Amino acid sequence: MNKFSRIGFIFAAAGSAVGLGNIWKFPYVTGEFGGGAFVLVYLLCIVFIGLVVFIAESFLGQSSEVNVSSTFIKVSKSKNSNWKYGGFMVFAGLIILSFYSVVLGWILNYIVLSFGNLPNSAELAGSGFNQLVSEDIGLQIVFHSIVALITIFIVLRGIKEGIEKINLILMPLLGIILFGLLAYALSLDSFSKAVSFMFSANWSKIDENALLAALGQAFFTLSLGIGTIMTYSASLPKNENFIKSSFYVAIVDTSIAIIAGLIIFSFLFEAGAQSSAGPGLVFISLPVIFGQWGTLGNIIAISFFSALLFAGITSAVSMIEPVLMLFIERFNMTRKKAVIICGSIFYLLGIIALLSMSNAFKDSLTFFGKNAFDWMDFITSSVSMPIAAIVTCLFLGFFVDKQTIQNKFTQHVSIGMFNIWYVLVKYIVPLAITILLLNKLGVIQ
Ligand code: TRP
């Protein structure tokens, strides 16, 4: 049977969770919302919402051992075939992957640049990044193609030979690099400043936007809402403790986000740079700092961007696998055919995404004030993923036999723990996500 080993599953799920969300996005969002208080809100979202949904997805996958669409039919009380539409969520994976691959392409470009002269002023770094995004279409297509090919190559080999293997290689490498960077950050005077920025609460910037950002980030970083965890758990051996592994993954994921934050803020504060630079933080602010450190700076830059690349590749494969498994099982496709179809879709969408940011095409690829890249982000993070999470929770709460769930949970945890989780999944989490979703869509203020 083509299943993960226990450790292979934890590495693969952690590899999926740890990605650009941890190393690129978490630090800049934390910076924008002023540090400590945001980190606290984020941690609460991870524990009381993210982890609850993570365990829900993991339960569903391990119970059914099939693709997302068939899972809903198989686990439901009614076995009604209309539950197959629950599989809609996997398509968000292809959309996310398309722009994720473009961003990974930028990172690949920065690895190459890190071997040469780094920019020595913020203006230069800023215009370099702008040039890449708004003018260098060909270069972006080349790097996006390389990332797409690597992703396709890995998933072609399947769960065990492809996904498990690459995670067993890249995750330890990522750990070593981050450990080295952390050791260097610890040696800087600014490390203590970074610690107090991330852990002392500043509530002035915490409003509903911060709450939304924290929840969105918790979802994205735990790879929820497109069926990744369900799909990976379908290949988790039957008797493994899915609750314990969920906790492990959440702990690893959160620790890496915090470590990445400490590293990046130590570097920024050392150079007296701003913590609130937004998405350009790692592409503009950091290269300038690396540039001031001479050859050591080149080495650190190469290590840092490689860490981002490794983290991103193990996430990329996890975005396409749910849709592949669905195509293979429900439409009786060979893996090769499914990979060719899904690979072409995300590759082309990625090209549309990158063109929509270029000066040459942005006007024709902007609709209702948002370019295609932002639309893809919006449709996935603000629409499809929250809806998928609500559907998953309500499904478990109202359409699956409670005793069946309880029996499986109490093999691993006490009945008290099960009851807490059950109330959260049935009422609290769907309600919280609904409120935030309506808020985000502007339905309620
Ligand atoms: N968790 C990854 C990150 O933080 C991204 C990711 C991988 C993802 N698989 C996913 C996000 C599935 C949403 C859904 O970068």
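Described in the following lines is the structure provided in the data block. Note on numbering: residues in each chain are counted from 1, in written sequence order. Local features in a predicted model are, by the rule used here, given only for residues with pLDDT of at least 70; side-chain atom pairs are given and counted only at 80 or more, and totals for whole chains, interfaces and linings are based on all residues. Side-chain measures were taken over the full set of non-hydrogen atoms in the model, leaving aside hydrogen atoms and water.

A closer look at the site of the ligand
Turning to step 1, where the next piece is worked out: Taken together, 18 residues form the shell around the ligand, and within it Ala17, Gly21, Tyr100, Phe220 and Ser318 come nearest.
Turning to step 2, where the next piece is worked out: For this analysis, a polar contact is any N or O atom pair within 3.5 Å, provided that within protein one partner can donate a hydrogen and the other can accept it, and provided that sequence-adjacent residues contribute only side-chain to side-chain pairs. Separating an oxygen atom of the ligand from a side-chain N or O atom of Tyr100 is a distance of 2.6 Å.
Turning to step 3, where the next piece is worked out: Between the ligand and Phe220, the relevant distance is 2.8 Å, taken from a nitrogen atom to a main-chain nitrogen or oxygen of the residue.
Turning to step 4, where the next piece is worked out: Contact with the protein chains hides 100% of the accessible area of the ligand, taken as 360 Å² for the molecule alone. The near set for a molecule or strand comprises every residue that places at least one heavy atom within 4 Å of it. Each accessible area value is a Shrake-Rupley result obtained with a 1.4 Å probe; residue values ignore everything except the protein chains displayed when judging cover.

Focus: the side chain of Ser306
Turning to step 1, where the next piece is worked out: Tracing the backbone shows Ser306 in helix 14 (residues 294-330).
Turning to step 2, where the next piece is worked out: We call two residues in contact whenever any of their non-hydrogen atoms come within 4.5 Å of each other. Residues within four places of Ser306 in sequence aside, it is in contact with Ile111 and Ile177. What counts as a helix is a DSSP run of H or I of at least four residues, what counts as a strand is a run of E of at least two, and both are numbered from the N terminus.

Here's the deal with the packing of helix 16 (residues 372-398) against helix 18 (residues 415-440)
Turning to step 1, where the next piece is worked out: All axes here are fitted lines through C-alpha atoms, helices being fitted over the stretch that makes contact, and every angle between N-to-C directions spans 0 to 180 degrees. Their axes nearest at 9 Å, the elements helix 16 and helix 18 cross at an angle of 155°. Comparing their axes, helix 18 and helix 16 come out roughly antiparallel. The element helix 16 and its partner helix 18 pack so that their crossing is left-handed. Counted together, Ser382, Val383, Pro386, Ile387, Ala389, Ile390, Cys393, Leu394, Leu396, Gly397 and Phe398 of helix 16 and Trp421, Tyr422, Val425, Lys426, Tyr427, Val429, Pro430, Ile433, Thr434, Leu437 and Lys440 of helix 18 form the full contact between these two elements.
Turning to step 2, where the next piece is worked out: Note on residue classes: Ala, Val, Leu, Ile, Met, Phe, Trp, Tyr, Cys and Pro are nonpolar, Asp, Glu, Lys and Arg are charged, and everything else, Gly too, is polar. Counted by class, the contact of helix 16 with helix 18 contains 17 nonpolar, three polar and two charged residues. Here is the rule for angles: anything less than 35 degrees is roughly parallel, anything more than 145 is roughly antiparallel, 65 through 115 is roughly perpendicular, and the remaining ranges are oblique. Left-handed describes a crossing in which the near helix is turned anticlockwise from the far one by less than a right angle; the clockwise case is right-handed.

Quick word on helix 1 (residues 6-17)
One full turn of an α-helix is made of 3.6 residues, so residues set three or four places apart face in the same direction.
Turning to step 1, where the next piece is worked out: Between its terminal C-alpha atoms helix 1 stretches 17 Å, which fits the 16 Å expected from twelve residues at 1.5 Å a residue.
Turning to step 2, where the next piece is worked out: Summary of the burial criterion: residues with accessible area below 20% of their type's maximum are buried, those above 50% are exposed, and those between are partly exposed, where the area comes from a 1.4 Å probe applied to protein chains only. Counting buried positions along helix 1 yields nine of twelve residues, so the element is predominantly enclosed.
Turning to step 3, where the next piece is worked out: For helix 1, every residue scored as buried is listed here: Gly8, Phe9, Ile10, Ala12, Ala13, Ala14, Gly15, Ser16 and Ala17. A helix is expected to reach a length of 1.5 Å times the quantity of its residues less one.

Describing the nonpolar core
Turning to step 1, where the next piece is worked out: Remark: nonpolar core denotes a set of buried residues (Ala, Val, Leu, Ile, Met, Phe, Trp, Tyr, Cys) joined through side-chain atoms within 4.5 Å. Counting 164 residues, the largest nonpolar core has Phe267, Phe283, Phe290, Phe304, Phe409 and Trp421 as its most contacted members.
Turning to step 2, where the next piece is worked out: Ignoring any residue separated from it by four or fewer positions in sequence, one finds Phe267 in contact with Leu181, Tyr184, Ala185, Leu188, Leu286, Ile289, Phe290, Trp293 and Ile300.

Digging into the side chain of Asn22
Turning to step 1, where the next piece is worked out: Here Asn22 is to be found in helix 2 (residues 20-32).
Turning to step 2, where the next piece is worked out: Filtering out sequence-adjacent residues up to four positions away, Asn22 remains in contact with Ala17, Pro27, Thr221, Asp253, Ile256, Ala257 and Ala260.

Observations regarding the packing of aromatic side chains
Turning to step 1, where the next piece is worked out: For this analysis, a ring pair means two rings from Phe, Tyr or Trp (six-membered ring only for Trp) whose centres lie within 6.5 Å, classed as stacked if their planes differ by under 30 degrees, edge-to-face if by over 60, and tilted for the remaining angles. Tallied over the full model, the rule gives 40 aromatic pairs.
Turning to step 2, where the next piece is worked out: With a centroid separation of 5.2 Å and 45° between ring planes, the pair formed by Phe99 and Phe373 is classed as tilted. Taken together, the positions of Phe99 in helix 5 (residues 90-113) and Phe373 in helix 16 put the pair 274 residues apart, joining distant regions of the chain.
Turning to step 3, where the next piece is worked out: Residues Tyr110 and Phe305 carry aromatic rings whose centres are separated by 5.4 Å and whose planes lie at 45° to one another, so their mutual orientation is tilted. Placement of the pair is Tyr110 in helix 5 and Phe305 in helix 14, with a sequence separation of 195 residues.

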